[in-house]
Amino acid sequence: MSRILWADDEIDLLKPYIIFLQEKGYDVLTANNGQDAIDYCRNEPLDIVFLDENMPGLSGLETLETIKSLRPSLPVVMITKSEEERIMEQAIGAKIADYLIKPVNPNQILLCLKKHIHQREIVEKHTNRGYQEEFSDISFMIDTAKTVEEWMAVYKQLSHWDLELQNVDSSMREMLHMQSQQANAAFAKFITKNYENWFTSGERPMMSPDIFKNVLFPMLDKGEKVFFVVIDNFRYDQWKTIQPLISEFFNVANESTYLSILPTATQYARNAIFAGLMPLQIQEMFPNLWVDEDEEEGKNLNEKELIQTQLDRFRKHYGFSYFKINESDFCERVIKQLKGLQTPLNVVVLNFIDMLSHSRTDSKMMRELCNDEAAYRSLTLSWFKHSPTYELFRRIAQLGYKIVLTTDHGTVRVQNPVQIIGDKNTNTNLRYKVGKSLNFQSKNAFEITHPKQVGLPCPNVSSSYVFCTGEEFFGYPNNFNYYAQYYRNTFQHGGISMEELIIPLITLDPK
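Residues numbered from 1 in each chain as written. Predicted model: local features only at pLDDT ≥ 70, side-chain atom pairs only at ≥ 80, totals over all residues. Heavy atoms only, no water.

Engineer: An account of the packing of helix H2 (residues 34–43) against helix H3 (residues 60–70) is needed here, citing residue identities and associated values.
Structural biologist: Contact pair H2 / H3: the axes reach a minimum separation of 10 Å and the direction vectors enclose 10°. Taken together, the axes of H2 and H3 are roughly parallel relative to one another. Every residue of H3 that contacts H2 at Gly-34, Ala-37, Ile-38, Cys-41 and Arg-42 is listed here: Thr-63, Thr-66, Ile-67 and Leu-70. (Axes fitted to C-alpha atoms, helices over the stretch in contact; angles between N-to-C directions. Helix = DSSP H or I, 4+ residues; strand = E, 2+ residues; numbered from the N terminus. Parallel < 35°, antiparallel > 145°, perpendicular 65-115°, else oblique. Contact = heavy atoms within 4.5 Å.)

Rendered as C-alpha cells:
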C-alpha cells in the first residue's frame, strides 16, 4: 500500500480528499504544520508528500528545503493558492516533483500519484503489452525477410524493443532475447546464402567501400563542409542511446543503416571505408598500405594515406584533415584546432568504444560494470556525456559543419564456444579465422573457401575464412574450458550477426 503525507494548515477542510484517497487504497498521514511534516519524513516510510506552500510557522518552502535534505529522493508536490513566478521558481529550484494550484480536484491528485509513484509499473505494463502486441508481427518479419532492407527493418524493431524493455522489470526481455536469437539465426542463413553472390554478380547492397562515393562525395560536390566521424565498434542501439545528447546541437537529417563487409573487423572494414576498395584491392593496388593478418604491425596505421588514394582515384581535389582520437587529452587538442580548420572534409576516428569492448573482456571490474547490452549502452552514454567528445560535437555544430556519423562494425555478446583447429599462423580473432586446413565443429559457421571472389586477401593458396554466426565464438581444444569461461559473455566482433553487420549511417545538420 502506498503511503502519502499531506501537510496543510487547513487539513480538516481536506477530509473529503483524504477519504477519497483511502477508498482508492492509499494510506494517508496528515500534518497541519511544517514541523510535524518534517518529523513524519524523518521517522515514517513515505512514498510522496503533498505540501501546502502557505502555512504559519515554517512555510511550505522552508519545510520543503528540510524534507529534501532529509529525503532527497522523496517526491514532494507543492500545493498553493499563489501563481507568483517567484514562488514557483523557488519551489522548482528546491527540486519539487510537481506543482498544483488550489483548488485542486481529485483527478489531479490521482494523476500526480500515477506519475510519481506508479509510473514505473504503468510504463512496464504498457511496454510489456506493446511488445506482446508486436511479437507476432516481428516474427512474421523474420520469417519473410528476403532482402537487406527487410533485415534492417527487423533489426531496428528488435533494437527498439531492447531499448524500451531495458529499464523495466519484465519477463518480456527473455522473450525478446529468444526472438533476437531466432532472427540472428535466420539472418546468418540469409548472409551465407547471398554474400558470395553479391560479389560474383556485381549487384551488392551498399557496404563499407561505398560510403565516400555514395554519401560524402555528393555532399562535398555541393560545397558542404563535412566532418566524417567514425566511432569504432558502434552499434545501432548505441547510436539511439546517445542521439538525445547529439540532438542538442544537431538535427538528424537522415538516419539509415548499411552493411559492413566480412570480416566485421577494423582491419578489413575500416580500411575498406577509407580506401573505397575491398581489402584484396587495397593489397594489390597499394601493397605498402596493407598489413597482413600475420604481421605484427598495427593494422590501421595508414588510414590517412588510404583516404588520399580514394580522393585521387575519383579525382576529388578536396583538402582534408584526419584525426585519430584514442585518449581524452588528444580530443581536447583536436577541439582547440577546430577554429583554424579550413578544409571541407575532416575525418575523425574515435576509438573509445573499441577500448571499452577490449577492457570489458580483460578486466573483472569492467565485466561487472558492463554485464549486458543495457549496461554496455549506459557506459557508452556516460562516455559521450562526460568525455571531451560531447564538447567536440558541440564545437563542430557551432562552426556550421555537417556530420556524417558511422562505424566500421558492431559487436555481439557471445555465449557459445565452439572448437576449431588451425595451423600456427591462424589469426587470434574469436569470431572469424583465416588459415589453412581449418577444422571446426560448428554447423552454423560460414566458410569462404575462395576468398579472392569476395575481395579478401588470400595469405596462402589453400587459405580460407571461417565466420561464427549468432552468439558463437571460436576456441582451441587446448585449455578449451578455461578459454570458453574467460570469453563467454564478452562483446566480440568479426563474425556474422545483425549487431556486427548492420551498422548506423547518420547525417547530422547543425542547429
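The structure having been displayed, the exposition proceeds.
Engineer: Account for the environment of Asn-107, naming residues and giving values.
Structural biologist: For Asn-107, the position within the fold is in helix H5 (residues 106–116). The sequence separation of Asn-107 and Gln-166 amounts to 59 residues, and the corresponding C-alpha distance is 31 Å.

Engineer: Explain the sheet that holds strand E16 (residues 463–467) to me, and be specific about the residues and the numbers.
Structural biologist: Reading across from one edge, E13-E16-E15 is the order of the three strands in this open sheet, with antiparallel pairing throughout. Strand pairing shows two members of the sheet lacking a second neighbour, strand E13 (432–436) and strand E15 (446–448), which therefore form its edges. Across the sheet, the mean angle separating the axes of adjacent strands is 20° when strand polarity is ignored. One ladder, built from five bridges, connects E13 with E16; its direction is antiparallel. Considered in E16, the bridge of Tyr-432 is made with Phe-467. (Pairing = 2+ DSSP bridges.)

Engineer: Tell me what's going on with unusual backbone geometry, and back it up with residues and numbers.
Structural biologist: Residue Lys-102 is joined to Pro-103 through a cis peptide bond whose omega torsion reads 0°. Relative to the elements of secondary structure, Pro-103 occurs in the loop between strand E5 (98–101) and H5. With an omega of -10°, the peptide bond running from Leu-262 to Pro-263 counts as cis. Within the secondary structure layout, Pro-263 lies in the loop between strand E7 (250–259) and helix H11 (266–275). Positive phi values are uncommon outside glycine, yet Arg-315 reaches one of about 55°. By the secondary structure assignment, Arg-315 is in the loop between helix H13 (303–313) and strand E8 (320–325). Here Asn-479, not a glycine, exhibits a phi torsion of approximately 55°, which is positive. Take Asn-479: it is sitting in the loop between strand E17 (472–475) and helix H19 (480–487).

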